[in-house]
Amino acid sequence: MIIRIATPEDLPALRDLERAAGEPFRALGMPQIADDEPPTTAQLTEYQQAGRLLVAHDEPGEGGAEDRPAAYVMWEPVDGCTHIEQVSVRPDRARRGLGRALIDRAEQAAGPYPLTLTTFAEVPWNAPYYARIGFRVLADTELTPGLRAIRAHEAALGLDRWPRVCMRRAAAGAAPEPGPAAPESAR
């Protein structure tokens, strides 16, 4: 698998990838998430031009379509942390470590800062998955102003119809952060 900075030519494929990655939400009774419009090309372009959009694709000869991204991650700085804005993996490439590899590479690219993200608490490939790769659920009292603003925006979009959480992972090489235990649904 090759992980690299996205190019402008990748962006249309990322929108298609996002639509495919949303489909499994339909089976969980979350059709609004499955039908949610992916980031616009303009939004993706902002991340790409800032160097904060990575794609993963097959190496030549692996039997996949080398030029078709299998997964992507985009991030932004928020309150001294690297905030993972989106991680998406094509369903036919899920459960192969692509999401974790992309998150780890984003962390390397952004520098030695803690990682944060917001996600659905009860979706198996969301909070429970992130807990397995070292993220912990933040208590409301631990939310920074930037995370509160992100959560308010998500609520305005209607994402709070399903339980959501903010999560954080210590910077690579740092001691694990103390904090509240993950909710039972994330274990």
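We now turn to the structure provided with this report. The structure displayed is predicted, hence computed values, not measured ones.

### Some thoughts on the packing of helix H1 (residues 11-22) against helix H3 (residues 41-49)
Look at H1 against H3: their axes get within 10 Å of each other, and the N-to-C directions meet at 115°. The way H1 lies across H3 gives a crossing that is right-handed. Counting all contacts with H1, which are made through Leu-11, Leu-14 and Arg-15, the residues of H3 involved are Thr-41, Leu-44, Thr-45 and Gln-48. Broken down by class, the residue content of the contact of H1 with H3 amounts to three nonpolar, three polar and one charged.

### A word on the pattern of salt bridges
In total, this model carries 14 salt bridges according to the counting rule given. In this structure, Arg-15 engages Glu-37 in a salt bridge whose closest nitrogen and oxygen atoms are separated by 2.8 Å. Taken together, the residues span a long stretch of sequence, with Arg-15 in helix H1 and Glu-37 in the loop between helix H2 (31-34) and H3 at a distance of 22 residues. Residue classification places Arg-15 among the buried residues on the basis of a relative accessible area of 17%. Here Glu-37 falls in the partly exposed class, since its relative accessible area comes to 47%. Across the pair Glu-154 and Arg-151 runs a salt bridge whose closest N-O atoms are separated by 2.9 Å. Separated by three residues within a single helix, Glu-154 and Arg-151 lie in helix H6 (residues 145-156), roughly one turn from each other. Given the relative accessible area of 8%, Glu-154 is considered buried. Salt bridges sharing common partners tie together Arg-15, Asp-16, Arg-19 and Glu-37.

### A closer look at the nonpolar core
In terms of nonpolar packing, the biggest core is built from 23 residues, with Val-73, Ile-84, Tyr-130, Phe-135 and Met-167 touching the most fellow members. Elements represented by at least two residues in this core include exactly strand E2 (53-57), strand E3 (71-78), strand E4 (81-89), helix H4 (98-110), strand E5 (115-120), helix H5 (127-132) and strand E7 (164-169). Ranked by the residues each element gives to this core, the list is headed by H4, at four residues. Judged by nonpolar contacts, the second largest core, of ten residues, contains Leu-11, Tyr-47, Leu-53 and Tyr-72.

### Side note on the sheet that holds strand E6 (residues 136-137)
With respect to topology, seven strands assemble into an open sheet ordered E1-E2-E3-E4-E5-E7-E6, the strand pairing being mixed. Both edges of this open sheet fall to strand E1 (2-5) and E6, since each of them pairs with a single strand only. As judged from the four bridges shared by E2 and E3, these two strands associate in the antiparallel manner. Bridged to Leu-53 within E3 is Met-74. Its contacts with the sheet place H3 against E2, E3 and E4, and it is angled at close to 70° to E3.

About the thresholds
- Residues numbered from 1 in each chain as written.
- Predicted model: local features only at pLDDT ≥ 70, side-chain atom pairs only at ≥ 80, totals over all residues.
- Heavy atoms only, no water.
- Axes fitted to C-alpha atoms, helices over the stretch in contact; angles between N-to-C directions.
- Helix = DSSP H or I, 4+ residues; strand = E, 2+ residues; numbered from the N terminus.
- Left-handed = near helix turned anticlockwise from the far one by under 90°.
- Contact = heavy atoms within 4.5 Å.
- Nonpolar A, V, L, I, M, F, W, Y, C, P; charged D, E, K, R; others polar.
- Salt bridge = Lys/Arg side-chain N within 4 Å of Asp/Glu carboxyl O.
- Buried < 20%, exposed > 50% of the residue type's maximum accessible area, 1.4 Å probe, protein only.
- Core = buried A, V, L, I, M, F, W, Y, C linked by side-chain atoms within 4.5 Å.
- Pairing = 2+ DSSP bridges.

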